[in-house]
Amino acid sequence: MDKIKLTLPNFNYKTHSWVEHDNVTTQGRASEFEEQNIRYFKAGYTAENSKYLQCFTFGEEIHEFCRTLFPRYSVSIMKQAPGQTLPSHEDTFFKIANEYSVDPYACCRVNIFLEDWQSGHYFEINENPVLQWQRGDAIIILRDEPHLSGNMGMTNKYTMQVTGVRDEFTGC
């Protein structure tokens, strides 16, 4: 697990348009996602305890920051409310692979914590817990690395995911 520290600009990430997702509702996506959602449902996850909100549309200030990490990138911000869990999964980097015609195994994701850690906020990668992060701390996620996220706290947890080609990464 690679950890890095980034200097984040002051940008407003709480007032964007959010799209709600969960990890059990089948949505006509690729079969690997649907199979994953069925496994989560069988394990006891529901549409009510696996929700997260995601935003993909941003102002120029966020794109300027992303270009300091990768020349070619995709970006999203995730809002995870108290009581919600994103079960263990592996990212496929489908969006960036299709947008830029790159091998998804050549990509990586920079998962950036947008606020200081608060009690109950949890992230895990390769069965290693990540706790007590500071704003700007980031974890590098490679394709097929299992990771999960949960919020057992009392406040929303915000992360930014910037995905790009690993060999083009300039962020550390």
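Since the model is a prediction, treat every value here as computed from it, not as a measurement. Going along each chain's sequence as written, the residues are numbered from 1 onward. Only residues with pLDDT of at least 70 are given local features in this predicted model, and only at 80 or more are side-chain atom pairs given and counted; all residues enter the totals for whole chains, interfaces and linings. Excluded from the side-chain calculation are hydrogens and water; included are all heavy atoms of the structure.

Overview of the sheet that holds strand β11 (residues 157-165)
Here's step 1: Here we have 7 strands laid out as an open sheet, ordered β1-β9-β6-β11-β4-β3-β2, and antiparallel in their pairing. This sheet does not close on itself; its edge strands, each paired only once, are β1 (2-5) and β2 (19-21). Here the strands of the sheet are splayed against their neighbours by 30° on average, with no regard to which way each runs.
Here's step 2: Across 8 bridges, the pairing between strand β4 (residues 73-80) and β11 is antiparallel. Strand pairing is assigned whenever DSSP detects at least two bridges linking the two strands. A run of DSSP states H or I qualifies as a helix once it reaches four residues; a run of E qualifies as a strand once it reaches two. Both are numbered from the N-terminal end. Axis geometry follows a simple rule: fit a line to the C-alpha atoms, using only the stretch in contact for helices, then measure angles between N-to-C directions, giving values from 0 to 180 degrees.

Focus on the pattern of salt bridges
Pairing is possible between side chains of opposite charge, provided their charged atoms come close.
Here's step 1: Salt-bridge detection follows one rule: a side-chain nitrogen of Lys or Arg within 4 Å of a carboxyl oxygen of Asp or Glu. Evaluation of the coordinates by the stated rule reveals 7 salt bridges.
Here's step 2: A salt bridge links E115 to K14, with the nearest nitrogen and oxygen atoms 3.0 Å apart. In this pair, E115 is assigned in the loop between β6 (107-113) and β7 (121-125) and K14 in the loop between β1 and β2, connecting sequence segments 101 residues apart.

Examining the side chain of N111
Here's step 1: Turning to its location among the elements, N111 is positioned in strand β6.
Here's step 2: Exposure is judged per residue with a 1.4 Å probe applied to protein chains only, and the accessible area is read against the type maximum: over 50% gives exposed, under 20% gives buried, and values in between give partly exposed. Assessed through its relative accessible area of 4%, N111 is described here as buried.
Here's step 3: Among the polar contacts listed, one links the side chain of N111 to the side chain of Q161, at a separation of 3.0 Å.
Here's step 4: Filtering out sequence-adjacent residues up to four positions away, N111 remains in contact with F123, D137, A138, I139, I141, T159, M160 and Q161. Two N or O atoms form a polar contact when they lie within 3.5 Å of each other; inside protein one atom must be a possible hydrogen donor and the other a possible acceptor, and for residues adjacent in sequence the pair counts only when both atoms belong to side chains. Any two residues having at least one pair of non-hydrogen atoms within 4.5 Å are treated as being in contact.

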